[in-house]
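Here are the chains, one letter per residue:
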Amino acid sequence: MTAPSVATAATRIVAATDASPPYVALTGVTKVYRRAGREETRALDRVDLTIREGEFLAIVGPSGCGKSTLLRLVAGLHLASTGEVRVDGRVVDRPQTNLGIVFQSPVLLDWRTALANVLVQVELRGLDPAAYRDRARRLLTQVGLADFGDRYPHELSGGMRKRVAIARALIHDAPLLLMDEPFGALDALTREQIRLDLEALWLATRKTVLFITHSIDEAVLLADRVVVMSPRPGRIERILDVGLPRPRGLDARRAPEFTRATEAITEIFLARGVLHGAARPIGQE
Amino acid sequence: MPGEQGAARSFVAWVRTRGAALLIFVALFVVWEVAVRVTGIKEYLLPPPSTIWTEFWKRHDTVALGAWVTTQEILAGYALAVVVSVPLALAVAYSRFMEEAVYPVIVFLQIIPKIAIAPLFIIWFGFGFTPKLLLVFLLSFFPIVVSSIAGFKSADADIMDFARTTGASGWTLFRKIRLPQALPHIFTGLKVGAALAATAAVVAEFVASDRGLGYLLLQYNGQLDTPMVFATIVILSLIGLVVYYAVEVVERLAIPWHVSQQATAKDATL
């Protein structure tokens with residue numbers, strides 16, 4: 001249905017490990033932004049990618065590599081300039097509603113409590129919030145906010161707000177979860193905890209997840225497969241199978257698979273000039 | 001945080017923060033009274049607070065009548081400003097045509113010193129209620145319309161993106177996201193407008209009137225009845241204060257989340 005005929009290195013790896021049907025499929029997707037009076041920017045260049053049903057896929061890359069653009073294309077918030085995006089077999093030509101989305105900023109509504117912020121998802125969909133109240137409470141408990149349902153966003157910490165945003169993306173039980181650098185603004189400890197909690201949540205629900213991050217560790221620790229992207233124009237460099245057993249607790253960092261995957265990704269970024277080796281003096285271009 | 005304990009705590013906090021200011025006010029009056037008596041300064045230059053009070057009490061019914069007239073002008077003009085400016089702001093925020101055609105005109109008109117128009121209103125509408133109402137309207141109108149437009153246009157891009165993934169209709173989006181998000185801005189405008197309303201009413205009465213506090217003020221001034229001038233100013237200030245706080249009470253009821261959010265932000269910076 002979606003098998004791309006272009007045999008790039010990326011697609012071949014996907015094809016080799018593909019077992020379950022693809023839920024999201026990008027074929028030859030290019031995204032060009034045109035602004036009046038400025039040079040056009042090619043955010044994505046001929047990207048082929050499939051995400052299997054129930055898979056946790058992470059995209060890692062430096063800022064400007066088009067990874068957020070890719071997420072917005074899948075959500076239908078932007079449309080591809082050329083190529084095709086399909087979700088569940090249907091071409092994406094408008095904002096998709098059969099998904100949950102989490103942005104870098106939690107974007108909660110200041111005038112609603114944590115519980116009401118979770119429920120706004122169902123209210124905006126024209127569903128009866130009363131029917132989802134118990135589920136919302138359960139979700140808040142699952143993300144560690146059992147006692148904070150009646151707090152307003154300004155009474156919550158950054159990590160708590162993020163947890164509310166995650167609960168809001170899950171309340172309507174959509175099959176696809178899109179996360180755009182969701183842990184970006186959090187401190188390292190909060191990040192680690194919320195990462196562990198997210199994995200537990202995912203293991204319980206087995207949704208298809210597209211997770212965007214600029215953290216190599218985070219991508220490897222969370223994902224089944226990690227897509228490595230390089231910037232200008234945004235391109236897929238490689239797709240890695242992580243192969244770490246789940247659940248991945250705190251000691252997953254000591255596993256040989258973790259080291260292998262992170263080193264492989266680091267090497268790609270070194271080769272692409274995204275990272276510079278330590279021997280290179282600062283300031284020398 | 002609602003609840004009786006919270007209310008009690010906030011009252012204690014209020015006394016603690018406002019108590020000092022109240023004390024200074026009382027001290028000011030005492031110093032004023034004593035200073036006037038000690039230096040023997042003439043009453044028509046600076047009457048002591050006690051004289052202001054006794055003179056006011058003698059003629060309080062005249063002042064009350066004037067206050068009633070002025071209050072009516074303030075309330076009617078302000079109400080008209082609210083009723084006209086919020087829907088207009090909506091139209092400008094949501095219609096491309098209105099934004100391109102009307103918004104520049106509003107911005108331009110805002111620059112005109114509105115008080116300078118007061119004499120023109122006398123020519124057009126005579127000496128009665130109408131020119132006062134219109135001047136109050138004119139002064140209150142601009143801050144409300146400008147901040148309401150800003151409010152309706154302030155929708156956060158990520159929130160709107162999230163909303164688009166829910167497939168919500170325009171009306172639902174407005175009711176559940178855009179309107180609540182605009183309210184803090186609208187109330188900022190409403191408060192500025194309320195503060196200007198009293199000024200506008202008095203200025204309009206200065207220009208031409210046979211009643212109201214502005215008229216009385218000019219009368220007492222002409223008679224060098226300084227205690228009554230002071231009394232009138234105090235009453236005027238009280239009216240302005242009540243109108244302003246009435247709006248603030250409505251704000252607290254309408255958007256308690258915003259008020260407490262500001263309070264938290266303030267606590268955090270202290």
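Each value, and the rule that gives it
- The residue count restarts for each chain, going from 1 along the sequence in the order it is written.
- Whichever chain is written first is A, and whichever ligand is written first is 1; the rest continue in order.
- Owing to the predicted nature of the model, reporting of local features is limited to residues with pLDDT of at least 70; listing and counting of side-chain atom pairs is limited to 80 or more, with chain, interface and lining totals taken over all residues.
- For the side-chain quantities, the full set of heavy atoms in the structure was used; hydrogens and water were omitted.
- What counts as a helix is a DSSP run of H or I of at least four residues, what counts as a strand is a run of E of at least two, and both are numbered from the N terminus.
- Working definition: with a 1.4 Å probe on protein chains only, accessible area under 20% of the residue-type maximum means buried, over 50% means exposed, and in between means partly exposed.
- We call two residues contacting when some pair of their heavy atoms lies within 4.5 Å.
- Accessible area that two parts lose when put together, evaluated with a 1.4 Å probe and summed over both, is termed the buried area.
- Any carboxyl oxygen of Asp or Glu within 4 Å of a side-chain nitrogen of Lys or Arg constitutes a salt bridge here.
- Think of a polar contact as two N or O atoms within 3.5 Å of one another; within protein, one of them needs to be a possible hydrogen donor and the other a possible acceptor, and neighboring residues in sequence only count if both atoms come from side chains.
- DSSP calls a pair of strands paired once it identifies at least 2 bridges connecting them.
- In this description, a line fitted to the C-alpha atoms serves as the axis of each element, helices being fitted only across the stretch in contact, and the angle between N-to-C directions of two axes falls anywhere from 0 to 180 degrees.
- Working definition: roughly parallel below 35 degrees, roughly antiparallel above 145 degrees, roughly perpendicular at 65 to 115 degrees, and oblique for all remaining angles.
- By the definition used in this description, the sense in which the near helix is turned from the far one sets the handedness, with an anticlockwise turn below a right angle giving left-handed and a clockwise turn giving right-handed.
- Charged means Asp, Glu, Lys or Arg here, nonpolar means Ala, Val, Leu, Ile, Met, Phe, Trp, Tyr, Cys or Pro, and polar covers whatever is left, Gly included.

> I'm lost on the side chain of H258(B) in this one. Help?
Residue and element names in this part refer to chain B. Counting through the fold element by element, H258 comes out in helix 12 (residues 256-269). Residue class for H258 comes out buried when judged on its relative accessible area of 16%. If we skip the residues at most four places from it in the chain, H258 touches P184 and E251.

> Any chance you could explain the interface of chain B and chain A here in plain terms?
Many authors give the size of an interface as the accessible area that is lost as the parts come together. Counting residues at the interface gives 22 residues for chain B, matched by 25 residues for chain A. At the boundary of chain B with chain A, total buried surface from both sides reaches about 2100 Å², with 66% on carbon and sulfur atoms. Where chain B meets chain A, there are three salt bridges. Note that R72(A) and D161(B) form a salt bridge whose closest N and O atoms lie 2.3 Å from each other. At the boundary of chain B and chain A, one finds five residue pairs in polar contact (both at pLDDT 80 or more).

> Whenever I open this one, the pattern of salt bridges confuses me. Can you help?
Scanning all chains against the criterion turns up 31 salt bridges over all chains. Several salt bridges share partner residues, and in doing so they unite R42(A), D45(A), R46(A) and R235(A) into one network.

> Explanation requested: the sheet that holds strand 8 (residues 208-213) of chain A in the structure shown.
Strand pairs in the sheet, formed through backbone hydrogen bonds, run parallel or antiparallel to each other. Residues and elements named next belong to chain A. Taken in spatial order, the six strands of this open sheet run 6-7-8-3-9-10, and their pairing is mixed. Because the sheet does not close on itself, it has two edges, and the strands there are strand 6 (99-102) and strand 10 (235-241). Neighbour-to-neighbour, the strand axes of the sheet open up by a mean angle of 15 degrees, direction not taken into account. Alignment of strand 6 against strand 7 (residues 176-180), held across four bridges, turns out to be parallel. Across the sheet, V102 pairs through a bridge with M179, a residue of strand 7. Against the sheet, helix 6 (residues 188-205) engages strand 3 (56-60), strand 7 and strand 8, with an angle of about 165 degrees to strand 8.

> What exactly am I supposed to notice about the packing of helix 10 (residues 213-222) of chain B against helix 11 (residues 226-254) of chain B here?
Between two packed helices, both the angle of their axes relative to each other and the distance between the axes serve to describe the pair. All names here are of chain B. One way to put it is that helix 10 packs onto helix 11 with a least axis distance of 9 Å and a crossing angle of 160 degrees. As far as their axial angle goes, helix 11 and helix 10 are roughly antiparallel. In this structure, helix 10 meets helix 11 at a crossing whose hand is left-handed. In this structure, helix 10 uses L213, L217, Y220 and N221 to contact helix 11, whose residues at the interface are M228, V229, T232, I233, I235, L236 and I239. Its residues placed into classes, the contact of helix 10 with helix 11 shows nine nonpolar, two polar and no charged.

> What exactly am I supposed to notice about the packing of helix 3 (residues 60-94) of chain B against helix 10 of chain B here?
Residues and elements named next belong to chain B. Taken N-terminus to C-terminus, the directions of helix 3 and helix 10 make an angle of 135 degrees; their axes are 7 Å apart at the nearest point. Regarding the angle of helix 3 to helix 10, the classification is oblique. Across the interface between the two elements, T62, V63, G66, A67 and T70 of helix 3 pack against L213, G214, L216 and Y220 of helix 10. Residues belonging to the contact of helix 3 with helix 10 are distributed by class as follows: five nonpolar, four polar and no charged.

> Can you walk me through helix 3 (residues 114-124) of chain A in this structure?
Of all 11 residues that make up helix 3 of chain A, 10 are buried, and the element is covered over most of its length. Looking at the buried residues of helix 3 of chain A, the elements they touch are helix 4 (129-142) and helix 5 (158-170) of chain A together with helix 8 (157-164) and helix 9 (170-207) of chain B. Just beyond helix 3 of chain A, the residue with positive phi is G126(A), at close to 75 degrees.

> What exactly am I supposed to notice about the pairing of strand 8 of chain A here?
Across a regular strand the side chains alternate sides, sitting on one face of the sheet and then on the other. Residue and element names in this part refer to chain A. With six of its six residues buried, strand 8 lies for the most part within the structure. Residue alternation in strand 8 divides its side chains into two sets, T208, L210 and I212 and V209, F211 and T213, and both sets are buried. As judged from the five bridges shared by strand 3 and strand 8, these two strands associate in the parallel manner. Bridge pairing in strand 8 links F56 to V209. Where strand 7 and strand 8 come together, five bridges link them in parallel fashion.

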